[in-house]
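Examining the three-dimensional arrangement
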Amino acid sequence: MNVPSPVDASWVLWLSSENEEVTVGFDRWHGHYGQWGADATDAYREGLEMVDAILKEECAAQVFFRSENWIGSEVVGAGDGLDDSVTEWRQLGATRMYRRSWLGSLNSERQLSSP
């Protein structure tokens, strides 16, 4: 299932379930719930909790690039500072990052300096 953000239709929240695993994604981030034999009920509950957090602006996708190439993503809490994980990503060669949330209240973008 794909649901576009009401702010920008290109920002898509998506859900998938396969083999009793639930995957939730937003922008270039995704997370897996119910891996490695976890109970299917727990997988759905955890996945839906993440969807709820995304819709309530309690978290955002934080996306990292080396030049124009995507190198990774993570989910961060609404109160997390921009520098909380940037150092680690800079050591992996990240030169640019952005943060995107469902309604855009947590959005930001910046160039990263060398480690």
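Residue numbers run consecutively from 1 along every chain, following the written order of its sequence. Two thresholds apply to this predicted model, a pLDDT of at least 70 for residue-level local features and 80 or more for giving and counting side-chain atom pairs, whereas whole-chain, interface and lining totals are computed over all residues. Note: side-chain values were computed over all heavy atoms of the structure, leaving out hydrogens and water.

1. Details of the sheet that holds strand E1 (residues 2-4)
- Strand order across the open sheet formed by 4 strands is E1-E2-E3-E4, with antiparallel pairing between neighbours. The open sheet has two edge strands with one neighbour each: E1 and strand E4 (29-33). Averaged over all pairs of adjacent strands, the angle between their axes in this sheet comes to 15 degrees, without regard to strand direction.
- With 3 bridges connecting them, E1 and strand E2 (residues 12-18) associate as antiparallel partners. Note on pairing: two strands pair once DSSP finds at least 2 bridges between them. For the purposes of this entry, the term helix denotes a DSSP run of H or I that reaches at least four residues, the term strand denotes a run of E that reaches at least two, and both are numbered from the N terminus. Here an axis means a line fitted to C-alpha atoms, over the contact stretch when the element is a helix, while the angle between two N-to-C directions is reported on a 0 to 180 degree scale.

2. Examining the packing of aromatic side chains
- Two aromatic rings from Phe, Tyr or Trp, using only the six-membered ring of Trp, form a pair when their centres are within 6.5 Å; if the ring planes differ by under 30 degrees the pair is stacked, by over 60 it is edge-to-face, and anything between is tilted. What the rule picks out here adds up to 3 aromatic pairs.
- Ring plane angle 5 degrees and centroid distance 4.6 Å describe the contact between Phe-64 and Trp-89, whose orientation is recorded as stacked. Residue Phe-64 is found in strand E5 (residues 59-66), and its partner Trp-89 is found in helix H2 (residues 86-91); the two are separated by 25 residues along the sequence. A single burial state applies to Phe-64 and to Trp-89, both of which are buried.
- For Arg-96, the ring lying beneath its charged end belongs to Phe-65, and the centroid distance is 4.1 Å. Exposure categories follow from relative accessible area, calculated using a 1.4 Å probe and restricted to protein chains: below 20% of the type maximum is buried, above 50% is exposed, and the middle band is partly exposed. Only when the NZ of Lys or the CZ of Arg is both within 6 Å of the ring centre and within 35 degrees of the ring normal is a charge said to sit over the ring.

3. Considerations on unusual backbone geometry
- Of note, the phi angle at Asp-27 is positive, near 55 degrees, even though the residue is not glycine.
- Mapped onto the fold, Asp-27 is located in the loop between strand E3 (21-26) and E4.
- Residue Glu-57 is not a glycine yet carries a positive backbone phi of 65 degrees.
- Mapping Glu-57 onto the fold places it in the loop between helix H1 (40-55) and E5.
- On the accessibility criterion, Glu-57 (11% relative accessible area) is buried.

4. Some words on the sheet that holds E5
- Pairing in this open sheet of 4 strands is antiparallel, and the strands run E6-E5-E7-E8 from one edge to the other. At either end of the open sheet lies a strand with only one pairing partner, and these are strand E6 (69-77) and strand E8 (108-111). Between one strand axis and the next, the sheet turns through 15 degrees on average, direction left out of account.
- Summarising the sheet, strand E7 (residues 96-100) and E8 pair through 4 bridges and their orientation is antiparallel. Looking at E8, one finds that Arg-96 is bridged to Gln-111.

5. Observations regarding the nonpolar core
- Note on terminology: a nonpolar core comprises buried Ala, Val, Leu, Ile, Met, Phe, Trp, Tyr and Cys residues joined through side-chain atoms within 4.5 Å. Formed by 19 residues in total, the largest nonpolar core has its most connected members in Leu-13, Val-24, Phe-26, Trp-29, Tyr-33, Met-50 and Ile-54.
- Among the elements of the structure, E2, E3, E4, H1 and E5 are those that each provide at least two residues to this core.
- Sorting elements by how many residues they give to this core places H1 first, with 5 residues.
- Whether two residues are in contact is decided by their heavy atoms, any of which lying within 4.5 Å being enough. Not counting residues up to four positions away in its chain, the partners in contact with Leu-13 are Met-1, Asn-2, Val-3, Val-24, Gly-25, Phe-26, Val-51, Ile-54, Leu-55 and Trp-102.
- If you look at the next biggest cluster of nonpolar residues, it comprises 6 residues, including Val-86, Trp-89, Met-97 and Leu-112.

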